[in-house]
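Residue strings, one per chain:
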Amino acid sequence: MFGLAVHGGAGTLPRAQLDPDRERAYRAGLADALQAGGEILARNGSSLDAVTRAVVVLEDNPLFNAGRGAVLTLDGHHELDAAIMEGSKLRAGAVCGLHHIRNPVELARTVMEHSDYVMLHGAGAEEFALQQGFSLVANEYFRTEERWRQLERLRRGDPQLSPLTISHVGTVGAVALDTKGGLAAATSTGGMTAKRYSRIGDSPIIGAGTYADDRCGAVSATGHGEIFIRAAVAHDICARVRFTACSLEQAVRDVVYGELVALRGEGGVIAIDRHGHIAMEFNSEGMFRGSLTAGGEPRTSIYGDP
Ligand code: ASP
């Protein structure tokens, strides 16, 4: 038995604004990530390898707000955050404020596996990357016309746009259960559009946007990061499963529709437990998401429909 779920951000991109071609492109991007991670799991590979691969595929896809296609800071740069966690040993790695790393999730994993630290930031993280054999890319590598136009509209104060609305389209994440019962989670993002430089959201914060513990579940979140940090969303879900009789599905619903709504925290999570139960819930209009289980076909969805 194995299972894999991915997300491409919780968003309020109204259904009416998502034309069929664009919808197909988003779904194809999610399916590619499921396929890439699923192949690893089907060969009895680790959940850690599967979530790394799935997130790399989404980081390389310019439609999503991670890696290429990431949103811009108010001063017109890209600052990237990512985290990864392995549920069997509670090992974790995270990076934030990156300017030059093509696949931040791979650097997060390298921090976990080849350093004594959990989180590295900015220039120091990139110096570590060089020492570990990564090459750097220009900050412009991440730029797309569409993200630039979104920033320009926000800078002009377009009343139809809010930073929250746009930026929720595209943070990426993956959670997986492998055939040996191991869980892992990973999340990667450019953060929120027009964020102040040096702002860090929930995605790279272990326990907020990303968490995995084989005893309870693996969780990757997307949404208004400040609120997700305050609610310690990913760890809260795991703790409910571990310390109460709550199922993963119930814990996810209680946190997404209870704790987060009470704090006006818009967004959602994907989660999986050691029995392969997958939960994908959001309190925003939609969440790009997909899942795959052993022997099944990749399934993708965006709005409230299954
Ligand atoms: N949670 C991310 C952040 O606050 C944004 C998102 O998921 O869209 O950086």
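One can find the structure itself at the top, above this paragraph.
From a predicted model like this one, the values you see are computed outputs, not experimental measurements. (Residues numbered from 1 in each chain as written. Predicted model: local features only at pLDDT ≥ 70, side-chain atom pairs only at ≥ 80, totals over all residues. Heavy atoms only, no water.)

Caption draft 1: Region of the structure containing the overall build of the chain. Scanning the chain from terminus to terminus reveals nine helices and 12 strands. Whereas a compact globule of 306 residues would reach a radius of gyration of roughly 19 Å, the chain reaches 17 Å, a difference of no more than 12%. Taking the principal axes of the C-alpha coordinates as reference, the chain spans close to 50 × 45 × 35 Å. Considering only intrachain contacts with a sequence separation of at least 6, the fraction spanning at least 24 residues in the chain is 69%. Carbon and sulfur atoms make up 50% of the accessible area of the chain, which amounts to about 12100 Å² in all. Here the chain contributes 30 positive and 37 negative side-chain charges, whose respective centroids are spaced 2 Å apart. (Helix = DSSP H or I, 4+ residues; strand = E, 2+ residues; numbered from the N terminus. Rg over C-alpha atoms; globule rule 2.2 N^0.38 Å. Contact = heavy atoms within 4.5 Å. Areas by Shrake-Rupley, 256 points an atom, 1.4 Å probe, with all protein chains shown as cover. Lys, Arg positive; Asp, Glu negative; His and termini not counted. Charge placed at Lys NZ, Arg CZ, Asp CG, Glu CD.)

Caption draft 2: Highlighting the site of the ligand. Taken together, 12 residues surround the ligand, and among them Thr171, Arg199, Asp202, Thr222 and Gly223 come closest. A distance of 2.8 Å is found between an oxygen atom of the ligand and a side-chain nitrogen or oxygen belonging to arginine 199. With respect to the ligand, the side chain of threonine 222 contributes an N or O atom lying 2.7 Å from an oxygen atom. Bound to the protein, the ligand loses 100% of the 270 Å² it would expose on its own. Of the residues that constitute the shell around the ligand, the class distribution is one nonpolar, nine polar and two charged. (Near = heavy atom within 4 Å. Polar contact = N/O pair within 3.5 Å; in protein donor to acceptor, adjacent residues only side chain to side chain. Nonpolar A, V, L, I, M, F, W, Y, C, P; charged D, E, K, R; others polar.)

Caption draft 3: Representation of unusual backbone geometry. At alanine 194, a residue that is not glycine, the phi angle is positive and equals roughly 65 degrees. For alanine 194, the position within the fold is in the loop between strand 6 (183–189) and strand 7 (210–213).

Caption draft 4: Local environment of the packing of helix 3 (residues 104–114) against helix 4 (residues 122–131). Interaxial distance between helix 3 and helix 4 falls to 11 Å at its minimum, and their mutual angle equals 75 degrees. Taken together, the axis directions place helix 3 and helix 4 in an arrangement best described as roughly perpendicular. Contacts between helix 3 and helix 4 involve Leu107, Thr110, Val111 and His114 on the former and, on the latter, Ala125, Phe128 and Ala129. When grouped by side-chain class, the residues that make up the contact of helix 3 with helix 4 number five nonpolar, two polar and no charged. (Axes fitted to C-alpha atoms, helices over the stretch in contact; angles between N-to-C directions. Parallel < 35°, antiparallel > 145°, perpendicular 65-115°, else oblique.)

Caption draft 5: Main features of the sheet that holds strand 2 (residues 80–86). One open sheet accounts for eight strands, arranged 4-3-2-6-5-1-11-12; its pairing is mixed. A strand with exactly one partner marks an edge of an open sheet, and here the two such strands are strand 4 (119–121) and strand 12 (299–301). Mean inter-strand twist for the sheet, computed between neighbouring axes without regard to direction, equals 10 degrees. Note that strand 3 (residues 91–98) and strand 4 share three bridges and pair parallel. Each bridged residue has a counterpart across the sheet, and for cysteine 96 the counterpart in strand 4 is histidine 121. (Pairing = 2+ DSSP bridges.)

Caption draft 6: Here's a closer look at the pairing of strand 2. Of all seven residues in strand 2, seven are buried, a share of seventy percent or more. Alternating positions in strand 2 separate into two faces, Leu80, Ala82, Ile84 and Glu86 on one and Asp81, Ala83 and Met85 on the other, with burial throughout. Bridge count for strand 2 against strand 3 is six bridges, and the pairing is antiparallel. Looking at the pairing, isoleucine 84 lines up with glycine 93 of strand 3. From the end of strand 2 to the start of strand 3, which pair antiparallel, there are four residues, and leucine 90 there has a positive phi angle of about 55 degrees. (Buried < 20%, exposed > 50% of the residue type's maximum accessible area, 1.4 Å probe, protein only.)

Caption draft 7: Highlighting the sheet that holds strand 8 (residues 217–223). Taken together, four strands build an open sheet; the order of strands is 7-8-9-10 and the sheet is antiparallel. Whereas interior strands pair on both sides, the edge strands pair on one side only; in this sheet they are strand 7 and strand 10 (278–282). Strand-to-strand, the axes of this sheet are offset by a mean angle of 10 degrees, without reference to chain direction. Judged from the six bridges that link them, strand 8 and strand 9 (residues 267–272) form a sheet pairing that is antiparallel. Paired with alanine 218 across the two strands is isoleucine 272, which belongs to strand 9. Of the strands in this sheet, strand 7, strand 8 and strand 9 touch helix 8 (residues 233–243), which is tilted by about 25 degrees from strand 7.

Caption draft 8: Spatial organisation of the pattern of salt bridges. Counted by the stated rule, this structure contains 14 salt bridges. With its nearest N and O atoms 3.2 Å apart, the salt bridge here joins arginine 109 to glutamate 113. Taken together, the positions of arginine 109 and glutamate 113, both in helix 3 and four residues apart, correspond to about one turn of that helix. Look at glutamate 113 and you get partly exposed, because its relative accessible area is 32%. By sharing partners, the salt bridges in this structure join Asp49, Glu86, Arg91, Arg109 and Glu113 into a single network. (Salt bridge = Lys/Arg side-chain N within 4 Å of Asp/Glu carboxyl O.)

Caption draft 9: Molecular detail of helix 5 (residues 145–155). Of all the positions in helix 5, only Arg147, Gln150, Leu151 and Leu154 are classed as buried. On an axial view of helix 5, the arc spanned by its buried residues comes to 95 degrees, and they lie on one face. Residue glycine 157 follows helix 5 closely and has a positive phi angle near 75 degrees. (Arc of directions from axis to C-beta.)

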